[in-house]
Amino acid sequence: MRIPLFKRRGGDAIDPVCDMAVNTKNPPGGTWDHAGQTYYFCGPGCNRAFQREPEAYLSGEKKMKM
Ligand SMILES: [Zn+2]
């Protein structure tokens with residue numbers, strides 16, 4: 001099952017690792033492209049975790065609580 005990438009007003013996206021709102025204009029953890037989609041991260045730790053196992057986070061199998 002895929003979790004849709006939620007967009008919020010003001011250009012925020014949801015970090016797929018920890019579900020935090022991230023400002024897409026200035027993402028603190030940078031971005032990562034996966035399967036044609038750009039993901040935004042609250043911090044470099046979430047970005048690295050997602051790069052290692054993107055499918056696990058997208059499927060909801062793994063979640064990091066911040
Ligand atoms: Zn995060």
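Here goes a summary of the coordinates provided. (Residues numbered from 1 in each chain as written. Predicted model: local features only at pLDDT ≥ 70, side-chain atom pairs only at ≥ 80, totals over all residues.)

**Quick notes on the overall build of the protein chain**
In terms of helices and strands, the protein chain carries two helices and four strands. When the helices and strands of the protein chain are placed in sequence order, the string is β-β-β-β-α-α. Considering only contacts in the protein chain between residues 6 or more positions apart, those separated by 24 or more positions represent 33%. (Helix = DSSP H or I, 4+ residues; strand = E, 2+ residues; numbered from the N terminus. Contact = placed C-beta atoms within 7 Å.)

**Regarding unusual backbone geometry**
Of note, the phi angle at D19 is positive, near 70°, even though the residue is not glycine. Of the residues examined, D19 has 15 C-beta atoms within 10 Å and is grouped as partly exposed. Even without being a glycine, A35 presents a positive backbone phi close to 50°. Here A35 lies in the loop between strand 3 (31-34) and strand 4 (37-40). A35 gets classed as exposed once you count the C-beta atoms within 10 Å, which come to 9. (Buried ≥ 20, exposed ≤ 12 C-beta atoms within 10 Å, placed from the backbone.)

**Brief notes about the pairing of strand 3**
Bridge count for strand 3 against strand 4 is four bridges, and the pairing is antiparallel. The partner of W32 across the bridge, within strand 4, is Y39. Joining the antiparallel neighbours strand 3 and strand 4 is a turn of two residues, in which A35 adopts a positive phi near 50°. (Pairing = 2+ DSSP bridges.)

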